[in-house]
Amino acid sequence: MSDHHNETFLSKYIFSLDHKMIAKQFLITGMFMGVVGMLMSILFRLQLSNPGESFAVLEWFLGEKWAPGGVLDPNMYLALVTMHGTILIFWVLTAGLTGTFANFLIPLQIGARDMASGFINMLSYWFFFAATVVLLTSLFVETGPAAAGWTIYPPLSALPQAIPGSGLGQDLWLIAMTLFIVSSLLGGLNYIVTILNLRTKGMSMTRLPLVMWALFIVAILGVLSFPVLLSASLLLVFDRTFGTSFYLSDIVIAGEALHHTGGSPILFEHLFWFLGHPEVYIILLPALGIVSEVISVNSRKPIFGYKAMVISLMAIAFLSFIVWGHHMFITGMDPFLGSVFTFTTLLIAIPSAVKVFNYLATLWRGSIRFTPAMLFAIGFVSTFITGGLTGIVLGDSALDINVHDTYFVVGHFHIVMGLSAIYGMFAGVYHWFPKMYGKMMNKKLGYIHFWVTFISAYGVFFPMHFLGLAGLPRRYYSNTAFPMFEGLTNINEIITFFAIVGGIVQVLFIFNFFYSIFYGTKASKNPWGSTTLEWTTPIERIHGNWPGEIPTVKRWAYDYSKPGYDIDFVPQTESLKEGEEEH
Amino acid sequence: MTNVFIVVISFLLVVTLVQLVRVGQLLGDIRKKDFNIVTESDNKRQSFLMLIVGLTFLTSCVWQYFAWNPLLLPSASSEHGVIIDELMRFTMILIISVFFLLHLFLFYFLHKYKKSSDKHKAYYYTHNNKLEFIWTIVPAIILTGVILYGLNVWDRITNADTSEASVIEVYGKQFGWSARYPGEDQKLGSYDYKLVGGANALGIDIDDENSLDDKVTRELHLVEGKPVLLKLRSQDIIHSAFMPHFRVQMNCVPGMTTQFTFTPTKTTKEMKMLEGDDFEYVLLCNKICGVAHYNMQMKVVVETQEEYDAWLLKQNTLSEKLLTQK
Amino acid sequence: MDLNLKNTTYKQLLWIGMASITLFFAGLTSAVIVRSSESGWQDISMPKYFWYSTLVIILGSIFLIISKKTVKSGKNPADYIFLSFVCGVTFAIFQFKGWSSLVEQGKFFVGEGSSPASSFLYVITFAHLIHVIGGLISIFVTYTKSVNLKYSKENYLGIELTSIYWHFLDILWIYLFAFLLYII
């Protein structure tokens, strides 16, 4: 299995079955989509801070049709917002994050030669790639890409008369999403089966590193929630193309009464959020796992409360299935149902609080080493606290009445889900880059990247809470239509300024990433002094991961600074000494 | 020309970056030590930065609060809005104190427990059931309080007494609102979406005798201190009727009717005295609905009973409007 | 991978996949429940062909059980697999028959004469049939493999996987049919 002499270019880089190569494919596609999504956000931020003003850059990117005279077209604004959300949520933070780290880490950390099925794994990537192509194609459709928001609520998403983006753009969106769902189902199946069956000798479930637990639970969440989104969008497709009435009823649009009767748009919202909420945790949990790993390694201390960490992951995952109604408090739902959803939603704060306290306890009396990965992990803890707390406001049905769909929500979920997950992803890339490419990423550039990102990200999203408390709704093309919002322009200017700074500094990361692949300094076998199995593999990539036998695991993954040892970490492959307790 | 300029500048920037990184690597080679391995001076510098940036961040949050507080919504102009505001204040105080507390711990730990020398060894501490139990149970107790308080408020808002309330229909469509008052019989006439068209923008069934005295208006007028039951409908897609000053929001969904009950407490005139002459109550759309979503609004006026009666008298009934046309 | 590990791994893959499919249908059927509790819901009487197809799909399962027993005892199960394939095809034919009798009743998928109930009925049965076609393909593959003597007493994973999936389709259909009888 370990010989790869007769690999051709195609089988090595394109149709690779090797999990490490597939992980890199996911990572680079994800990074590319990340750049696209971020660029979109900067384009619409320009309009939000300077409503109606002309920018050459808008015309340069969007052309005369969508930015006549350099002023962003309102339809294009909505399309950009929609695509920004779709790309970041699904393409970057679901596929880019889970696809990269699940594929890369699962076999390496549990001690397997590859995924259970390399072929399914490859299919998973190529479905994702096809989805990417279709989604990007929709940007160049005459009527514009989908523009009904990433939540594609019908009837807006069902009727091209309501908004031009709901024509061909929405069709392509739905096709792309279907391909995407197939990709993540295939991936998820593989992750679960691999973790269950292919663990090396001695690697019991309770010895798994936390990132494995997180990815395992995420895969289960995905496999159970994505099919429901598929059924929701299937019905939407029927409504759109065949004229059924699942979601549509009693509509008069463009002066014409449509034949649809008896459907309910609220039905779609229920089905959508049944996926949509677990999706939030599909994004967040891998980051939680990565951060647990990075914090423990760089504090040179075992993660505090391993069991509590696993149980709280499970609790968060379980609860995520019974809270979807908190997105729908003001759809006229039964007030009692609203109370139930408030109750279940606020319960999530308990396992989340446990996680934060355990992170703090891990740092306490540690010997903290500030690698760029560690800095991003710390950034994660900070955003997780900030964003988690504002969730207590939004989960409370009574308070939600007045902040629902305002910028308060935008600030909340960008911090708790967007920033946290992105920080987790950066932490993961900086931490495992030496394993992926055998090279080190430049430390100084990493530091600059972190500090500018950290400051500008808070500069973007913290002020948004104030916009929301001032009553400004999200997805507004401009704040100038209402005298009551006119004073908010200077907050918007600050936000846009930081958005541009934060956007530009990502160039440093991309430069660092690609430069280091080719010209970075050579990494040693275990540069961070880590206990887990992936650092026992040779530096250069081989198919099959270990040249000889797969090592056996003798202890848990967190023996850092254990008394009785000279070095401050004991690899998992080291036998317990006589009389030594595991932990 | 500018394009060429941009390309040249970007190219030079990349070259500079490459050179800087190169120099670092070469220095590392000379010292026989990988430049990218974190040293003690790095730890010192980064942990210090963490403390400074962290404290600056917390200070900037305080600054933002004081600088932007005047921009926030004025206190609620409705009965239930006042209890929402109280709940909000309680929740905010709670989460802001936790926010500061946890961040101070975080920044302090990072500074205090940085790796200062090779001999510095972390404390091997895997778990403490008692401690973990405490920090599971304490948030649980606090949250129980938050939940009970929140549910109590929610219950009072959603189960408000509607027997005394006057019914007004609010109707949304791309991109505007209208209101329908029931007229003297206090009953709204029935409707059918297939009748929408021409002057009958709301699809009201004129064969229903309750419809004849209904009044359709472009402004929403409410009486101070009198409960009102809004019945919400939509013509085309989902809109959301949002009146931030009253803490009122409810979606308008095609094919169904939703409702919200509240009691306005401050007249527009009183608010003008408090907030300035250009103050107006508004009803705005808060669910993405298309190209002019950001400008879908209706003026809301709260006034005394006499002013309200006088205004309503001036509005045409449906029969006047439609029959004169025929 | 050794044979045992391969067996459990592939079976697990299938089980989790089936859990996923179950959730897909759970989404559709819960949509029906939500919708049917609102006004304007009309019941539809099931065509008799759906009863026949229920029988046929169960028969297919029985043949697959027999073929698994046969291969375990060391004989060639090709004939039984072929019979189950025939059952599967008959099932598909009966589904089409059922739809055309619905059309005769005036219950259409879309347009005049359709209602949310009838639209849901078509969507659910159609989605199930798509999965049955997947099952038919895998039965066909196992059939050609067993004709070519690819299976033995020790190695009959393909037959096992196919029959698990077919039993699943079987149970899924019974659930859906009961659901449709009761709710629609």
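**A few points about the pairing of strand 1 (residues 166-173) of chain B**
All names here are of chain B.
Next, step 1: Both strand 1 and strand 5 (residues 228-234) contribute to a ladder of seven bridges, which runs parallel. Of the residues in strand 5, the one forming a bridge with Y171 is R233.
Next, step 2: With five bridges connecting them, strand 1 and strand 2 (residues 176-181) associate as antiparallel partners. In the sheet register, Y171 faces strand 2, and the bridge partner there is S178.

**Quick notes on the interface of chain A and chain C**
Next, step 1: Each partner contributes residues to the interface: chain A has 27 residues there, and chain C has 26 residues.
Next, step 2: Listing elements by their share of the side of chain A that touches chain C, those giving two or more residues are helix 6 (168-197), helix 7 (210-242) and helix 8 (265-299) of chain A.
Next, step 3: At 10 residues, helix 7 of chain A tops the list of elements feeding residues into the side of chain A that touches chain C.
Next, step 4: Tallied by class, the residues present in the side of chain A that touches chain C amount to 18 nonpolar, nine polar and no charged.

**Overview of the pairing of strand 6 (residues 239-243) of chain B**
Residues and elements named next belong to chain B.
Next, step 1: Counting buried positions along strand 6 yields five of five residues, so the element is predominantly enclosed.
Next, step 2: Burial of strand 6 is two-sided: the residues H239, A241 and M243 facing one way and the residues S240 and F242 facing the other way are all buried.
Next, step 3: In this sheet, strand 7 (residues 248-252) lies alongside strand 6 in antiparallel orientation, the contact comprising five bridges. By the bridge assignment for strand 7, M243 is matched with V248.
Next, step 4: Count of turn residues in the strand 6/strand 7 antiparallel hairpin: four residues, of which R247 carries a positive phi of about 60°.
Next, step 5: Pairing between strand 6 and strand 9 (residues 281-285): two bridges, direction antiparallel. Within strand 9, the position partnered with F242 by the bridge is L284.

**Details of the nonpolar core**
Next, step 1: Core analysis: the biggest nonpolar cluster contains 304 residues, and L156, A214, L215, L285, F376, A377 and A427 of chain A have the highest contact counts within it.
Next, step 2: Sorting elements by how many residues they give to this core places helix 4 (residues 74-110) of chain A first, with 23 residues.
Next, step 3: Every residue in contact with A214 of chain A, bar those within four places of it in the chain, is listed here: L285, P286, L288, G289 and L313 of chain A.
Next, step 4: Residues F63, C87, L136 and Y143 of chain C belong to the second largest nonpolar core, which totals 18 residues.

**Side note on the interface of chain B and chain A**
Next, step 1: Listed per partner, the contact involves 94 residues of chain B and 108 residues of chain A.
Next, step 2: At the level of secondary structure, the elements contributing two or more residues to the side of chain B that touches chain A comprise helix 1 (2-30), helix 2 (40-68), helix 3 (79-112), helix 4 (129-158), strand 6, strand 7 and strand 9 of chain B.
Next, step 3: Here the side of chain B that touches chain A gets 14 residues from one element, more than from any other, and that element is helix 4 of chain B.
Next, step 4: Residue composition of the side of chain B that touches chain A, grouped by class: 54 nonpolar, 29 polar and 11 charged.

**Some remarks on the arrangement of the chains**
Next, step 1: Most contacts, compared over the two pairs of chains touching, are made between chains A and B.
Next, step 2: Contact between chain B and chain C is absent, and the least distance between their C-alpha atoms amounts to 11 Å.

Each value, and the rule that gives it
Residues numbered from 1 in each chain as written. Chains lettered and ligands numbered in written order. Predicted model: local features only at pLDDT ≥ 70, side-chain atom pairs only at ≥ 80, totals over all residues. Pairing = 2+ DSSP bridges. Helix = DSSP H or I, 4+ residues; strand = E, 2+ residues; numbered from the N terminus. Contact = placed C-beta atoms within 7 Å. Nonpolar A, V, L, I, M, F, W, Y, C, P; charged D, E, K, R; others polar. Buried ≥ 20, exposed ≤ 12 C-beta atoms within 10 Å, placed from the backbone. Core = buried A, V, L, I, M, F, W, Y, C linked by C-beta atoms within 7 Å.

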